[in-house]
Amino acid sequence: MQLNPIQIRLPKRQIITIDKKVKQKDYSSRSEAIRDYINKIETLETLRRFQELTFKENLNTKKLLTGLKNIRKQVYNETLNN
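A brief structural summary. (Residues numbered from 1 in each chain as written. Predicted model: local features only at pLDDT ≥ 70, side-chain atom pairs only at ≥ 80, totals over all residues. Heavy atoms only, no water.)

With that out of the way, let us pick up the overall build of the protein chain. Per the secondary structure count, the protein chain includes three helices and zero strands. Shown N-terminal to C-terminal, the secondary structure of the protein chain runs as helices and strands in the order α-α-α. Against the globule reference of 12 Å for 82 residues, the protein chain gives a C-alpha radius of gyration of 18 Å, more extended than a compact globule. By its C-alpha atoms, the protein chain is 45 × 25 × 20 Å across when sized along the principal axes. Looking at the protein chain as a whole, 10% of its 82 residues are labelled buried. (Helix = DSSP H or I, 4+ residues; strand = E, 2+ residues; numbered from the N terminus. Rg over C-alpha atoms; globule rule 2.2 N^0.38 Å. Buried < 20%, exposed > 50% of the residue type's maximum accessible area, 1.4 Å probe, protein only.)

Here's what the structure looks like:
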């Protein structure tokens, strides 16, 4: 995957948090930390959308297992198109 540089502005408290994570060796750089945070947000948004679709379809456990493939496909397609 090719990485492209961008410039961002963050509040001081967020920079301090990121720098602490880098200092603790949780991440090798600020960029790595920010990429990981973005990936986590994307995952949370996907899970939230999954929950919305599950509720919308009124799926119980049996129906959920049956309809899971279609919901996963829809969320995947939405993610790719955004």
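Next comes the rest of the write-up.
Tallied over the full model, the rule gives one aromatic pair. Ring geometry for Y27 against Y37: centres 6.0 Å apart, planes inclined by 80°, an arrangement best described as edge-to-face. Linking Y27 in the loop between α1 (12-23) and α2 (30-56) with Y37 in helix α2, this pair joins segments that are 10 residues apart in sequence. Looking at Y27, the relative accessible area reads 11%, which means it is buried. (Phe/Tyr/Trp six-rings, centres within 6.5 Å; stacked < 30°, edge-to-face > 60°.)

Turning to the layout of surface pockets, a few remarks are in order. Unfilled space is identified by rolling a water-sized probe across the atoms. The space that makes up the largest pocket amounts to roughly 420 Å³. Along the wall of the largest pocket there are 13 residues; nearest its centre are N4, I6, S31, R35 and I38. (1 Å grid on protein atoms, 1.4 Å probe; cavity = no way out; pocket = protein on both sides within 12 Å on 5 of 7 lines; lining within 4 Å. Points joined across faces, edges and corners; volume = space filled by probe spheres on them.)

This part covers the pattern of salt bridges. Going through the model one piece at a time under the given rule, you end up with five salt bridges. The shortest N-O distance in the salt bridge between D19 and R30 comes to 2.7 Å. Highlighted residues: D19 in helix α1 and R30 in helix α2, separated in sequence by 11 residues. When its relative accessible area of 30% is taken as the criterion, D19 is described as partly exposed. Here K21 makes a salt bridge to D26, at a shortest N to O gap of 3.7 Å. Connected via shared salt-bridge partners are R49, E52 and E78. (Salt bridge = Lys/Arg side-chain N within 4 Å of Asp/Glu carboxyl O.)

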